[in-house]
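Fold and contact review
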Amino acid sequence: MVRAKITDIERENSVEKVEQILQGAMQEFLTHGFAGTSMDRVAATAGVSKATVYSHFIDKEGLFKALIERLARKKFDSIFGNEPLEGEPSQVLRQVGSKALEQMGEDQEHCAFMRVLIGESARFPELAKVCVRAMMKPIFETLSQYLASHPELKIADPEAVARIIVGSLVHFHITQDVLHGKDIISMEGDRILDTMIDLIMKSAR
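About the cut-offs
- Residues numbered from 1 in each chain as written.
- Predicted model: local features only at pLDDT ≥ 70, side-chain atom pairs only at ≥ 80, totals over all residues.
- Heavy atoms only, no water.
- Helix = DSSP H or I, 4+ residues; strand = E, 2+ residues; numbered from the N terminus.
- Buried < 20%, exposed > 50% of the residue type's maximum accessible area, 1.4 Å probe, protein only.
- Contact = heavy atoms within 4.5 Å.
- Areas by Shrake-Rupley, 256 points an atom, 1.4 Å probe, with all protein chains shown as cover.
- Salt bridge = Lys/Arg side-chain N within 4 Å of Asp/Glu carboxyl O.
- Phe/Tyr/Trp six-rings, centres within 6.5 Å; stacked < 30°, edge-to-face > 60°.
- Lys NZ or Arg CZ within 6 Å of the ring centre and 35° of its normal.
- Expected span 1.5 Å × (residues − 1).
- Polar contact = N/O pair within 3.5 Å; in protein donor to acceptor, adjacent residues only side chain to side chain.

Concerning the overall build of the chain
Secondary structure summary: the chain contains 9 helices and 0 strands in total. When the helices and strands of the chain are listed from N to C terminus, the series reads α-α-α-α-α-α-α-α-α. Taking the principal axes of the C-alpha coordinates as reference, the chain spans close to 65 × 50 × 25 Å. Taken over 205 residues, the chain has a buried fraction of 39%. In the chain, the share of contacts with a sequence separation of at least 24, taken over all contacts with a separation of at least 6, comes to 69%. Accessible area of the chain: about 11900 Å², with a carbon and sulfur share of 55%.

And the structure:
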């Protein structure tokens, strides 16, 4: 019994340390980019030893990938939840699209991290691939499966339509928020969403 209690405490401490490391890493990556961040910097910002960082993450690439996967899980769960998409298409697509636009626009940390990821993608393509695999692929698959489950929409290629939906929303977010285009090509997100849903629903008429 005593050993079990110690193990629980150790496990809680380990989870807490990982959270400290990830928060410290996020600060460093946002400030210095991937190339300019070192494990020494991460350890100092997180308030832990370098050995502690390496005990949880084998290298800087592994740490950056963990951040990507963490953000991906957080975004997916907050937009889609834990249950399969169900309901009338126009309502479901509007709900999902509204959540996505709202969260992409309001989460400044996520926005800043995506700037770093895009900026580093040429030098570190494997890191960018982690983002596509962990963040984009599950979204494409979820939307594709939902669209395919509604034959009344008469969509010949659900996967392509899913990519068009996601691409439209991500492009809007990048031009408006990531690239600071609100003062140049300002547009309300609802206009994009309304028009996109209208086009999809027209195919069913």
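Let's pick the thread back up.
Re the environment of leucine 193
Take leucine 193: it is sitting in helix 9 (residues 189-202). When its relative accessible area of 1% is taken as the criterion, leucine 193 is described as buried. With residues up to four places along the chain from it excluded, the contact list for leucine 193 reads Leu93, Arg94, Gly97, Ser98 and Leu169.

Re the pattern of salt bridges
According to the stated counting rule, one finds 11 salt bridges in the structure shown. Between arginine 41 and glutamate 28 there is a salt bridge whose closest N-O contact spans 4.0 Å. Taken as a pair, arginine 41 in helix 2 (residues 39-46) and glutamate 28 in helix 1 (residues 2-32) lie far apart in primary sequence, 13 residues in all. Under the relative-accessibility criterion, glutamate 28 is labelled buried at 9%. A salt bridge links glutamate 159 to arginine 163; its shortest N-O distance comes to 3.5 Å.

A few points about the packing of aromatic side chains
Considering all chains together, one arrives at 6 aromatic pairs under this definition. Both rings, one in phenylalanine 29 and one in phenylalanine 34, keep their centres 5.9 Å apart while their planes meet at 15°; by these two values the pair is stacked. Per residue, the accessibility class of phenylalanine 29 equals that of phenylalanine 34, and both read buried. With a centroid separation of 5.2 Å and 75° between ring planes, the pair formed by phenylalanine 34 and phenylalanine 64 is classed as edge-to-face. A residue pair is termed long-range when its members are at least 10 positions apart, and phenylalanine 34 in the loop between helix 1 and helix 2 and phenylalanine 64 in helix 4 (residues 60-80) qualify at 30 residues. What makes phenylalanine 34 buried here is its relative accessible area of 1%. Among the residues examined, phenylalanine 64 registers a relative accessible area of 0% and is labelled buried. Each residue in the set Phe29, Phe34, Phe64, Phe113 and Phe124 is aromatic and connected to the rest through ring pairs, giving one cluster. Stacked on the ring of phenylalanine 34, the Lys or Arg lysine 60 has its end atom at 4.5 Å from the ring centre. Across the ring face of phenylalanine 140, the terminal group of arginine 163 is positioned such that the distance to the ring centre comes to 5.0 Å.

Remarks on the environment of glutamate 188
Looking at the element boundaries, glutamate 188 is found in the loop between helix 8 (158-178) and helix 9. Sequence separation between glutamate 188 and phenylalanine 172 is 16 residues, and the spatial gap between their C-alpha atoms is 9.6 Å.

Notes on helix 4
Helix length check: helix 4, at 21 residues, gives a terminal C-alpha distance of 30 Å against a target of 30 Å (1.5 Å per residue), a fit within 8%. Within helix 4, the full set of buried residues consists of Lys60, Leu63, Phe64, Ala66, Leu67, Ile68, Leu71, Ala72, Lys75, Ile79 and Phe80. Structurally, the start of helix 4 carries an N-cap: the backbone nitrogen of glutamate 61 is 3.3 Å from a side-chain oxygen of aspartate 59. The positive-phi residue at the C-terminal boundary of helix 4 is glycine 81, with phi of around 75°.

So, the side chain of serine 144
Following the sequence through the fold, serine 144 ends up in helix 7 (residues 125-148). Here phenylalanine 140 takes part through its backbone oxygen, which lies 2.7 Å from a polar atom of the side chain of serine 144. When near neighbours in sequence (up to four residues on either side) are disregarded, serine 144 contacts Pro158, Glu159 and Ala162.

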